[in-house]
Amino acid sequence: MTNLTIPQHGWPDEYVQRYRQAGHWQGETFGALLRSRAEQHPDRIAVVGGSKNLTYAQLDEHASAIAAGLLAQGFQAGDRIVVHLPNIPEFITVVFGLFRAGIIPLYALPAHRITEIEHFAKSGGATGYLCAAEHGGFNYLGLATTLQERCPDVEHVIVIGDATDRYTSLQDIEAAGANTDVLATASSAQDIAFLQISGGSTGLSKLIPRTHDDYIYTLRESARICELDGDSVLLCALPMAHNFPMSSPGFLGTLYAGGRVVLSLSPSPEACFELIKREKVTQCSLVPPLLMLWLDAAERSKPNLSSLRVIQVGGAKLIPEVAQRVRPTLGVTLQQVFGMAEGLVNYTRLGDDAETIIETQGRPISPDDELLIVDDDGQAVADGQAGHLLTRGPYTIRGYYNNPAANQRSFTEDGYYRTGDIVKLTPDGYLVVQGRAGDHINRAGEKISAEEIENHLLANPAVFDAAVVSVPDTYLGERSCAFIIPRNEKPRAVELKKWMRERGIADFKVPDQIIFVDTFSETAVGKISRKTLRAQLRAQLDTTQ
Ligand code: J2J
């Protein structure tokens with residue numbers, strides 16, 4: 001068994017004791033959690049997706065069969081598998097199967113392509129890749145083939161759907177493990193349950209290790225704060241591999257509360273309004289651009305959304321003008337969520353006054369979340385002033401997975417995570433997000449590292465230099481703009497975009513806008529940092545638009 005613990009970056013003993021004594025960490029694993037729900041209400045429907053319904057008992061059975069099947073296949077507790085699935089019920093049976101076997105899922109988004117998957121597989125040391133054969137017109141089997149060529153350590157490819165004769169189907173894995181009860185596993189509550197992906201500012205994504213103990217704590221508290229219970233029906237419209245629809249309160253928080261999860265393959269208002277009516281959905285989580293689409297569509301089509309009570313909105317800043325439209329247009333309570341896959345999550349509470357709900361991004365889940373707001377020199381700012389948010393607490397990681405260099409940058413010596421967000425605190429302890437210190441683009445909630453995209457562009461022979469910046473966008477919140485100095489002949493922007501897609505990166509990372517320039521700045525380039533350069537270019541855009 002390897003890497004189950006995070007030796008140098010785990011919580012120090014005194015914090016472990018503190019969080020246990022406070023009752024935050026209760027020693028429960030995901031495997032045991034599902035079993036207890038299946039015992040409490042075996043016949044209640046847990047998941048609805050496409051034409052499939054699964055009860056809690058069925059979910060439990062699938063999870064055990066998958067766990068047993070994977071162990072029979074040669075996987076061992078502590079191994080990592082890249083899970084690359086859209087919003088289908090198998091996402092849930094698979095991850096609980098992995099939890100039961102102690103195998104660590106590493107969650108990729110459906111939009112990710114070979115470049116990202118290769119990076120995840122290598123940095124996570126994955127030995128398996130699990131995908132749907134096809135989704136949204138993309139053939140994931142082709143990706144699997146390239147992945148195995150580039151990463152020989154990925155020995156196993158498991159496919160949902162037609163696995164062809166090359167790969168193993170999930171059905172066969174399940175059949176091999178059928179009727180085998182796997183509950184006691186090598187994993188315990190303080191072990192890593194899964195790896196999430198960071199949306200950080202620098203370079204390639206980092207891997208975020210979350211333990212059973214810390215994550216289940218957030219689920220328990222999120223379910224309470226969002227007032228979920230056995231009657232709740234949560235629509236999962238965002239890609240479920242994202243931390244937000246997974247846990248704030250997300251499909252896992254809903255299963256924690258014994259409610260029902262309804263999965264939508266598309267977040268469009270057309271698809272979702274229909275599901276809300278048919279399945280009597282009570283809660284849903286959206287990013288601001290989607291909320292805007294829903295609001296516009298609801299004003300036009302006046303759908304029946306009478307079952308819906310709460311919409312959580314987070315992932316990017318929601319402006320008060322849009323927040324204000326939620327109750328009159330959709331007839332529901334808005335709940336703002338400011339969270340991060342690294343940990344800290346803030347919610348406005350359902351009973352808060354309208355001003356708090358509209359103007360703030362909520363307050364932390366836990367009384368043991370420690371927040372510091374500091375200036376550029378690391379000194380605490382005066383009350384109510386904006387500054388860099390640093391945080392540590394019972395569900396905020398103390399370090400990325402196997403990444404000492406990133407940990408050096410992203411964590412203080414006493415274990416605070418540097419969120420990269422600029423926030424201020426209201427006198428009531430609510431956070432108002434002001435912006436980001438780092439150079440990433442928050443494109444409709446998807447975080448894109450400027451540096452990562454620049455590095456892709458620099459690999460093109462026609463590109464001499466490139467700098468990527470964010471531009472405010474009415475619908476996306478922010479869009480990406482690449483300033484490019486051509487080497488000789490100016491390439492065509494469409495060709496460059498096509499070339500990026502063919503490199504195999506997620507579509508949302510392809511620059512929305514490309515501007516060719518002869519030089520970046522009058523100041524000698526190379527003498528100023530990339531950060532300053534990007535700031536100058538952004539300012540240049542502001543004055544020319
Ligand atoms: C402004 N910026 C926000 C908000 C996140 C719940 C909700 C969201 C995420 C998430 C999550 C924001 N207003 N309301 O994991 O559990 C930006 C910040 C933050 C970064 C984290 C959850 N909500 N953000 O978005 O890991 O910049 O998590 O640091 O994808 O999103 O991104 P991510």
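Refer to the preceding data block for the structure.
Below or above, wherever it landed, is the structure these notes cover. (Residues numbered from 1 in each chain as written. Predicted model: local features only at pLDDT ≥ 70, side-chain atom pairs only at ≥ 80, totals over all residues. Heavy atoms only, no water.)

### Re the overall build of the chain
Stated formally: Numbering of helices and strands runs from the N terminus, with a helix taken as a DSSP run of H or I at least four residues long and a strand as a DSSP run of E at least two residues long. Within these notes, the globule rule equals 2.2 Å times the number of residues to the 0.38 power, and the radius of gyration is based on C-alpha atoms. Contacts between residues were defined by any pair of non-hydrogen atoms, one from each residue, lying within 4.5 Å. For every accessible area listed, the method is Shrake-Rupley and the probe measures 1.4 Å; residues are considered covered only by the protein chains on display. The positive count covers Lys and Arg only, the negative count covers Asp and Glu only, and His and the chain ends enter neither. Here the site of a charge means NZ on Lys, CZ on Arg, CG on Asp, or CD on Glu.
From N to C terminus, the chain includes 19 helices and 27 strands. Against the globule reference of 24 Å for 545 residues, the chain gives a C-alpha radius of gyration of 23 Å, in line with a compact fold. Contacts in the chain between residues far apart in sequence, at least 24 positions, make up 68% of those at least 6 positions apart. By element, 48% of the accessible surface of the chain is carried by carbon and sulfur atoms, the whole surface being about 21,900 Å². Positive and negative charge centroids in the chain, built from 50 and 65 side chains respectively, lie 3 Å apart.

### What to know about the pattern of salt bridges
The line we're drawing: Within this document, salt bridges are pairs made up of a side-chain nitrogen of Lys or Arg and a carboxyl oxygen of Asp or Glu, the two lying within 4 Å of each other. Each residue gets one of three labels from its accessible area relative to the maximum for its type: buried under 20%, exposed over 50%, partly exposed in between, using a 1.4 Å probe on protein chains only.
Under the criterion given, the structure shown has 23 salt bridges. Of the charged contacts, one joins Asp421 and Arg436 as a salt bridge, the two residues approaching to 3.1 Å between their closest N and O atoms. Remark: Arg436 occurs in strand 22 (residues 431-436) and Asp421 occurs in strand 21 (residues 417-425); sequence separation between them is 15 residues. Looking at Arg436, the relative accessible area reads 29%, which means it is partly exposed. Salt bridges linked by common partners bring Asp439, Glu454, Arg534 and Arg538 together as one network.

### Thoughts on the pairing of strand 3 (residues 80-84)
Filter applied, for reference: Only strands joined by at least two bridges in the DSSP assignment are considered to pair. By convention a crossover is right-handed if, when the strands point away from the viewer, the path from the first strand over the helix to the second runs clockwise.
The element strand 3 is extensively covered by neighbouring structure, given that five of its five residues are classed as buried. Residues Arg80, Val82 and His84 point to one face of strand 3 and Ile81 and Val83 to the other, with burial holding for every one of them. When strand 3 meets strand 4 (residues 104-107), the two strands line up parallel, connected through four bridges. Within strand 4, the position partnered with Ile81 by the bridge is Pro105. The parallel pair strand 3 and strand 4 is bridged by helix 4 (residues 89-101), and the resulting crossover is right-handed. Across four bridges, strand 3 lies against strand 5 (residues 128-132) in parallel orientation. Note that in strand 5 the partner of Ile81 across the bridge is Gly128.

### Focus on the site of the ligand
Inclusion rule: Only a single heavy atom is needed: when it lies within 4 Å of a molecule or strand, its residue is near that molecule or strand. Side-chain atoms alone can form a polar contact between residues adjacent in sequence; in general such a contact is a pair of N or O atoms within 3.5 Å, and within protein one must be able to donate a hydrogen while the other accepts it. Note on residue classes: Ala, Val, Leu, Ile, Met, Phe, Trp, Tyr, Cys and Pro are nonpolar, Asp, Glu, Lys and Arg are charged, and everything else, Gly too, is polar.
Around the ligand sit 19 residues in total, of which Ser248, Val337, Ala341, Asp421 and Lys447 are the nearest. Contact between the ligand and Asp421: an oxygen atom at 2.5 Å from a side-chain N or O atom of the residue. Interatomic distance of 3.4 Å between a side-chain N/O atom of Arg436 and an oxygen atom of the ligand. Compared with its free state, where it exposes 620 Å², the ligand has 94% of that area covered by protein. At the level of secondary structure, the elements contributing two or more residues to the shell around the ligand comprise helix 9 (243-247), strand 16 (333-340) and strand 22. Sort the elements by how many residues they give to the shell around the ligand and strand 16 lands first, with four residues. Its residues assigned to classes, the shell around the ligand comprises eight nonpolar, seven polar and four charged.

### Focus on helix 6 (residues 140-150)
What counts, and what does not: Summarising the geometry, the arc corresponds to the directions from the helix axis toward the C-beta atoms.
Among all positions in helix 6, only Tyr140, Leu141, Leu143, Ala144 and Leu147 are buried. Take helix 6 and look down its axis: the buried residues cluster within an arc of 150°, on one side only. The elements touched by buried residues of helix 6 are strand 3, helix 5 (114-124), strand 5, strand 6 (134-135), strand 7 (138-139) and strand 8 (156-160). One side-chain oxygen at the N-terminal end of helix 6 lies 2.9 Å from the backbone nitrogen of Leu141; it belongs to Asn139.

### A closer look at the environment of Val262
With respect to the helices, strands and loops of the structure, Val262 is situated in strand 13 (residues 260-263). With a relative accessible area of 0%, Val262 lands in the buried category. On a C-alpha basis, the gap between Val262 and Asn53 in space is 9.2 Å, while along the polypeptide they are 209 residues apart. When near neighbours in sequence (up to four residues on either side) are disregarded, Val262 contacts Val48, Val233, Leu234, Leu235, Cys236, Leu275, Glu279 and Val281.

### A look at helix 3 (residues 56-73)
For an α-helix the count is 3.6 residues per turn, leaving residues at separations of three or four pointing the same way. Filter applied, for reference: In a helix, the anticipated span is given by 1.5 Å times the number of residues less one.
Its 18 residues give helix 3 an end-to-end C-alpha distance of 26 Å, which sits within 8% of 26 Å, the value for a rise of 1.5 Å per residue. When helix 3 is considered as a whole, its buried residues turn out to be Tyr56, Leu59, Asp60, Ala63, Ser64, Ala65, Ile66, Ala67, Ala68, Gly69 and Leu70. A positive backbone phi angle near 115° is found at Gly74, which sits one or two residues after helix 3.

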